Amino acid sequence: MKRSTYGRSSIAAVLLSVSVLAVGSTGVGANAAPQERPTEQTLADYIAAGRKTAPVADSGSAGTGSAGTGSACTSGSGAGSGNGSGDCYGGSGSSSGSSGGFASDTVGYGPPMTSWLAAFGYGLTHPDAAPPGANDWNCKPTAEHPRPVVMVHGTWMNAYNGFAFMGQPIKDAGFCTFTVNYGRSNLLEGGGLGSVLPGVMGTGYIQDSAKQLATFVDRVLAATGASEVDIVAHSQGGSMSNWYTKFEGGAAKVKNLVTYGATHHGTSLIGIGALGRGINNFGIDILGFIEIFVGHAGIQQTIGSDFVNKLNENGDTIPGVDYTIVGSRYDEITNPYDLTFLKAAPGVSVQNITLQDGCEQDVSDHLTIMYSPRALSIALRALDPVGHPTLECTFNPWLIGGGGSL
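Given the structure is predicted, the values throughout are model-derived calculations rather than measurements.

How each quantity is defined
Residues numbered from 1 in each chain as written. Predicted model: local features only at pLDDT ≥ 70, side-chain atom pairs only at ≥ 80, totals over all residues. Heavy atoms only, no water. Helix = DSSP H or I, 4+ residues; strand = E, 2+ residues; numbered from the N terminus. Buried < 20%, exposed > 50% of the residue type's maximum accessible area, 1.4 Å probe, protein only. Areas by Shrake-Rupley, 256 points an atom, 1.4 Å probe, with all protein chains shown as cover. Contact = heavy atoms within 4.5 Å. Phe/Tyr/Trp six-rings, centres within 6.5 Å; stacked < 30°, edge-to-face > 60°. Patch = residues over 30% accessible without salt bridge, like charges linked within 9 Å, V, L, I, M, F, W, Y side chains within 5 Å. Salt bridge = Lys/Arg side-chain N within 4 Å of Asp/Glu carboxyl O. pLDDT = per-residue confidence, 0-100. Disulfide = S-S within 2.5 Å. Core = buried A, V, L, I, M, F, W, Y, C linked by side-chain atoms within 4.5 Å. Expected span 1.5 Å × (residues − 1). Pairing = 2+ DSSP bridges. Axes fitted to C-alpha atoms, helices over the stretch in contact; angles between N-to-C directions.

### Re the overall build of the protein chain
Scanning the protein chain from terminus to terminus reveals 11 helices and eight strands. The 406 residues of the protein chain split such that 57% are buried. Of the roughly 15300 Å² that the protein chain leaves accessible, carbon and sulfur atoms contribute 59%.

What follows is the structure, encoded as structure tokens:
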């Protein structure tokens, strides 16, 4: 019975430049004394304080939102998404496109990969491929492994390149594994410029994606005859799965939630999101402009957004779900990286794990963490602590993964 539960890129440089220009337009004098460069944590603390006060400009026209699924606020700066900065106290400031998008099943299988870089390239040209080991709809859970594992990719990723390394080993450990491509939104639906590439998914509103995940989990439970699933998720996939457990009926259907670099408390997005949020708090909707590039989901994951505030307003966790939360000191996207960690409510089990604790040679970043043997061993231990009690420790480099080999 259930117990009472995008790596660094040139785009980043462009967006940071835009943000800096916006700050410059506020009138800092040319002879002003230079200030100490803020750390990521300083930015996070600044945004946390700033979002508690109403923004200066709060008279924007109301956004329209989508019926029942968007994140519309009482007022907003853009008529597209209904998620503007107006009275949202940390809303996305979005004005780029409407809601929409869909989830889709995988077709065929891609090869196993040990390198994130190689897997990402394959996923761009084979956007619908399944990772090895996933989506055997005839698989039946065993007494030793009674729960199927649902693997949830992150923003700008897809089912294949999210789990081309982990999928087969989890299946080989005796689990039925399943995954889906969610959040497939085009440019007009607010998916951002990245969505023009066929393998870029997870860009639509996160609340809509959580509904897509709910539908998929129900399909998995029906096909396998199981009463619960375990979820292994990366980045947005983690916070979206967390939303699913809290607001879309997932509490009664999820036993273990294992996340990597998840944006549970938002992210500064290499400093861009934090800086943009600060500008938004002064009434300038810079995040609405940035959203054109990164899409709805990207902006929703910045520190102080409506999504992040709602996700955690009644506490980080809920009874009945056991949490294993993994972060990397070298994560350049979910940063400060400890924002991924969760605080346990009374009676809830939470393990917050820094990947490098006990294994300094694993320097995985936000993306290569999903190609880290140590990260895989953490997942297997969370899913089956008796069968997989030992954690691996190997070199895994930033950006490439795969031990440095393509």
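### Details of helix α11 (residues 373–383)
Counting buried residues in α11 gives 10 out of 11 residues, a clear majority hidden from the surface. Where α11 is concerned, the buried positions are P373, R374, A375, L376, S377, I378, A379, L380, A382 and L383. Where α11 is buried, its residues contact β2 (149–152), α5 (167–172), β5 (229–234), β6 (254–260), β7 (322–327) and β8 (350–354).

### So, the packing of aromatic side chains
Scanning all chains against the criterion turns up eight aromatic pairs. For the pair W137 and F178, a centre-to-centre distance of 4.7 Å together with 50 degrees between the ring planes defines the contact as tilted. One end of the pair, W137, is in the loop between α3 (116–125) and β2; the other, F178, is in strand β3 (residues 177–179), with 41 residues separating them in the sequence. By way of ring pairs, the aromatic residues W137, F178 and F216 are connected into one cluster.

### Considerations on unusual backbone geometry
Negative phi is the rule for most residues except glycine; trans is the rule for most peptide bonds. At the junction of N335 and P336, the peptide bond is cis and its omega measures out at -5 degrees in the coordinates. Relative to the helices and strands, P336 resides in the loop between β7 and β8. The backbone of L399 sits at a positive phi, close to 75 degrees, despite the residue not being glycine. Among the secondary structure elements, L399 is positioned in the segment after α11. The class for L399 is partly exposed, based on a relative accessible area of 31%.

### Remarks on a nonpolar patch on the surface
A contiguous nonpolar surface patch, about 240 Å² in accessible area, is contributed by L117, W398 and L399. By the secondary structure assignment, W398 is in the segment after α11. With relative accessibility at 35%, the residue W398 sits in the partly exposed group.

### Here's the deal with the environment of W156
Tracing the sequence through the fold places W156 in the loop between β2 and α4 (159–163). Taking relative accessible area as the criterion, W156 reaches 13% and is therefore assigned buried. Through-space distance from the C-alpha of W156 to that of V200 is 4.4 Å; in sequence the pair is 44 residues apart.

### Points about the pattern of salt bridges
Considering all chains together, one arrives at 10 salt bridges under this definition. The shortest N-O distance in the salt bridge between D230 and R147 comes to 2.9 Å. Pair noted here: D230 is in strand β5 and R147 is in the loop between α3 and β2, with a separation of 83 residues, a long-range link. Its relative accessible area of 19% is what places R147 among the buried residues. Two residues, D218 and K253, come together in a salt bridge whose shortest N-O distance is 2.8 Å. Pair noted here: D218 is in helix α6 (residues 206–224) and K253 is in the loop between α7 (236–247) and β6, with a separation of 35 residues, a long-range link.

### What about the confidence of the model for the protein chain?
The pLDDT averaged across the protein chain works out to 77; a share of 67% of its residues lies at or above 70. Here residues 1–35 scores under 50 on pLDDT; set against residues more than four positions off or in separate chains, the count is 58 contacts.

### A word on the side chain of T340
For T340, the position within the fold is in the loop between β7 and β8. Looking at T340, the relative accessible area reads 0%, which means it is buried.

### Quick word on the environment of G202
One can find G202 in the loop between β4 (181–184) and α6. Residue class for G202 comes out buried when judged on its relative accessible area of 0%. Sequence separation between G202 and G237 is 35 residues; the distance between their C-alpha atoms is 8.2 Å. Leave out the neighbours within four places in its chain, and G202 touches H153, G154, T155, W156, Y182, G183, Q236 and A297.

### Re the state of the cysteines
The full count for this structure, using the stated rule, is two disulfides. The disulfide bridge from C139 ends at C176, spanning 2.0 Å between sulfur atoms. Here C139 and C176 share a disulfide; its torsion about the S-S bond, -80 degrees, makes the bridge left-handed. Separated by 37 residues along the polypeptide, C139 in the loop between α3 and β2 and C176 in the loop between α5 and β3 bring together distant segments of the chain.

### Topic: the nonpolar core
Of all hydrophobic cores here, the largest spans 35 residues; its most connected members are V150, V152, L213, V229, I231, Y244 and Y323. Non-local contacts of Y323, meaning those with residues more than four positions away in its chain, are made with N242, L257, T317, I318, L342, V348, S349, V350 and Q351.

### Considering α7
Between its terminal C-alpha atoms α7 stretches 16 Å, which fits the 16 Å expected from 12 residues at 1.5 Å a residue. Every buried residue of α7 is listed here: Q236, G237, G238, S239, M240, S241, N242, W243, Y244, T245 and K246. Trailing α7 by a residue or two, G249 shows a phi angle of about 85 degrees, which is positive.

### Looking at the sheet that holds β5
Pairing in this open sheet of six strands is parallel, and the strands run β3-β2-β5-β6-β7-β8 from one edge to the other. Of all the strands in the sheet, just β3 and β8 have a single pairing partner and so form its edges. Taking the axes of each pair of neighbouring strands and ignoring which way they run, one obtains an average angle of 15 degrees across the sheet. Bridging between β2 and β5 involves four bridges; their strand directions are parallel. For V152, the partnering residue across the bridge sits in β5 and is A233. Across the sheet, α7 touches β2, β5, β6 and β7, and the angle it forms with β5 is around 145 degrees. Along the sheet face, α11 touches β2, β5, β6, β7 and β8 and points at about 170 degrees away from the line of β6.

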